[in-house]
Amino acid sequence: MQNSIMKNNLYRFCLIALASILLISCSAKKTYIVKSPGQNNELIFNLTQSGQPQYRFSSNGKSVIEPSLLGFEFEGIRKMTEGFEVVATEINTADTVWEQPWGEFKKIRDHHNELIIHLKDGEGRLVDIIFRVFDDGLGFRYSFPKQPNLDKVKISNEITQFTFPFDNDVWSIPVHSDNSYYESFYKKTPMSQTDTINTPATFETKNNLFVAIHEANLTDFASMTLLKLPNNQYKSELVPWADGVKVYAQAPFDTPWRTVIVGKTPGDLVTSTLMLNLNEPSRIKDISWIAPSKYIGIWWGMHLEKYTWGQGDKHGATTKNTKEYLDFAADNGLDGVLVEGWNQGWDGDWTADGTAFSFVKPYPDFDLDEISKYAAMKNVRLIGHHETAGAAKHYESQLDDAFKLYNKMGVNTVKTGYVNKYLDKKEWHDSQYGVRHYRKVIETAAKYHIMIDNHEPVKGTGLQRTYPNFMTQEGGRGQEYNAWSADGGNTPAHTVTLPFTRMLSGPMDYTPGNFDFDYKTAAGAKVLTTLAHQLALYVVLFSPLQMASDLPENYVGKPEFKFIKEVPCIWSDTKVLDSKIGEYTTIVRKDWDGQNWYLGSITNQDARKLKVSLSFLDSGKSYKAEVYADGDGADYKTNPYPVSRSSKTVNSTTILDIHLAAGGGTAIKFTPIP
């Protein structure tokens, strides 16, 4: 939904835009400057003496990106990196407000100043570089118009550089070190000690800024990674096809946006809406069928080896078992049940070759028609599961039939999976090949009113704005690692790092909510948090599809389960309070439609005491605070269970003392008192 600017404001904004974009002439070159609407961020563009495009970026007078080159190289034709002249420029400004169907904010303001540089090289080839400068950062992309001197191209290299003024510390994960699923621990190291890293990459700079490099609107292009070069510099390193080509394209085409988010605190990165603003509005006209969900699933039992995906005595996805899960969901106000292992193809080594999977044929002990009717009677949605083992073409051949079947059965959500190092045994998940496949799945799902939860994905880049049926993704180390990982499971520091790294790319299906810490697995892995920490994750880690991950029996009779049942999945407002990446964070969020606020505070392996201001609450109102905190003796290693439940009256002037145990957390619901 767009809100128009009043006439006097429009005039003022136009003046600001014109004043913010300057052209400085000198004998050697021309420099183009565009500032953000609030004047805090500044982009400078110029051509070098040899006609190379170059940009730099600063925030509040502090250098963020030093002079960095732009351009492309191709197979078989001359590269487009130098010999350019500026043939024209355009100046634009925008200030609109649009509303999301779900998200961390209900309304988002898109306020930016835009500079478009029209370039022509010595062979008469054209390219536009589009810069949009926001108060929270910078987005820029290349646009190749339709033209006589450039048609089909094979991109071999993108020259885009990100040159920093210092050897800053960066939180990152290496590229393709974990079967390409982004399932590594984020580590903080000096830039000089990294090689090629994934985005988002989060920098703690020596001039006290927090910076995240990522991309937006990844469409029919290769994913961008960052290759470390000398002198505090990274360059775009596009993920190639198996034949070595980075991108196949034909003019006219646009690249994804390269994004630089900047803030004074780690929380400024979390609450940035720049990535969403650089995506296109929804292409789905009727979104009435798109809705958030809190679900349980026949899933954790497989990871604990209580059940199996394939047929046999321990098969988990049976008609009887599914009905019991549906009963539990209905009795506890949960509106979804995920069923894995229902379809033919799981027997034997399914990871070796996914072409055995059928997405329309259930196993004999799973009566899809009966279960669908039972779910409808219980008013609980079934969440389907499509594991492909990376056999993308095989999956595409069944997409329409599979989604048509689900639509008929009332199954409106699908969790997809791609457990294989490559797609179709040769292509990276995050290559142009993978990007095309995942988009095809989302678009086909939309035709049949199906929502998607994508596991083993390509990273998020804000496409949920354009396709709001694209609800959530994995793309990181989730709770499942706490069942079978040889390294013992996710560290307590992992979840206090995710909000400032992986979560910058969009929602994550982390699957929180484990209440049992005494299970035994062959790997010896454990959930390395307290129970209160698990509750707080529902606020800290955003996903519009949010799982209660444990076995249903582990919730029975547990008063703490009340918080999971009540906490929303989507939010009208989000604020990040005192936080330090990898150590602790406190996040508060406001209910989508109501006036309740929720707080999640978690720490790493260190116990700590925090003072939290409740100034986010409405002034002049009193609230009931229902607190779930670490109880006496709580410790993630020795005693994760104790939870202290209390209730108190608070207001916007209250300063809360929060005590977090080692690996602990606090979850609070704030309800206005009439």
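Residues numbered from 1 in each chain as written. Predicted model: local features only at pLDDT ≥ 70, side-chain atom pairs only at ≥ 80, totals over all residues. Heavy atoms only, no water.

## Quick look at the sheet that holds strand 34 (residues 623–630)
One open sheet holds the 6 strands; their spatial order is 30-31-32-37-34-35, and the pairing between them is antiparallel. Where the open sheet ends on each side, the last strands, each with one partner, are strand 30 (571–580) and strand 35 (643–650). If you compare each strand with its neighbour and ignore which way they point, the axes differ by 15° on average. In the sheet, strand 34 pairs with strand 37 (residues 665–672) via 7 bridges, with the strands oriented antiparallel. Residue pairing in the sheet places Tyr 628 in a bridge with Ala 667 of strand 37. Along the sheet face, helix 11 (residues 531–540) touches strand 30, strand 31 (584–591), strand 32 (597–603), strand 34, strand 35 and strand 37 and points at about 125° away from the line of strand 32. (Pairing = 2+ DSSP bridges. Helix = DSSP H or I, 4+ residues; strand = E, 2+ residues; numbered from the N terminus. Axes fitted to C-alpha atoms, helices over the stretch in contact; angles between N-to-C directions. Contact = heavy atoms within 4.5 Å.)

## Remarks on unusual backbone geometry
Of note, the bond from Thr 199 into Pro 200 is cis; its omega dihedral lies within 30 degrees of zero at 0°. Relative to the assigned elements, Pro 200 resides in the loop between strand 15 (196–197) and strand 16 (201–204). Unusually for a residue other than glycine, Asn 231 sits at a positive phi of about 65°. With respect to the element layout, Asn 231 can be found in the loop between strand 18 (224–229) and strand 19 (233–238). Despite not being glycine, Asn 379 shows a phi value in the positive range, around 60°. In this fold, Asn 379 is placed in the loop between helix 6 (368–378) and strand 25 (381–387). Among the residues examined, Asn 379 registers a relative accessible area of 67% and is labelled exposed. (Buried < 20%, exposed > 50% of the residue type's maximum accessible area, 1.4 Å probe, protein only.)

## Side note on the nonpolar core
Phe 45, Phe 131, Phe 162 and Phe 403 are the most contacted members of the largest nonpolar core, which totals 168 residues. Considering each element in turn, this core owes the most residues, 8 residues, to helix 11. Setting aside anything within four residues of it in sequence, one finds Phe 162 in contact with Tyr 55, Ile 65, Ser 68, Phe 140, Ile 213, Met 224, Leu 226, Asn 232, Gln 233, Tyr 234, Arg 258 and Val 260. In this structure, Trp 597, Ala 625, Val 650 and Phe 670 belong to the second largest nonpolar core, which totals 19 residues. (Core = buried A, V, L, I, M, F, W, Y, C linked by side-chain atoms within 4.5 Å.)

## Details of the sheet that holds strand 11 (residues 152–158)
Judged by pairing direction, the sheet is antiparallel, and its 3 strands sit side by side in the order 6-11-20 without closing on themselves. Looking at strand neighbours, the two that pair on one side only are strand 6 (72–74) and strand 20 (247–250), the edges of this open sheet. Pairs of neighbouring strands in the sheet enclose a mean axial angle of 50°, with direction left out of account. Note: strand 6 against strand 11, 3 bridges, orientation antiparallel. Counted as the bridge partner of Glu 73 is Asn 157 from strand 11.

## Here we look at the environment of His 118
Within the secondary structure, His 118 is located in strand 8 (residues 107–120). Residue classification places His 118 among the buried residues on the basis of a relative accessible area of 17%. Considering only alpha carbons, one finds His 118 and Asn 321, 203 residues apart in sequence, at a separation of 62 Å. Among all residues touching His 118, those that are not within four sequence positions of it are Glu 85, Val 86, Val 87, Ala 88, Thr 89, Glu 90, Val 127 and Asp 128. There is a polar contact of 2.7 Å between the side chain of His 118 and the side chain of Asp 128. (Polar contact = N/O pair within 3.5 Å; in protein donor to acceptor, adjacent residues only side chain to side chain.)

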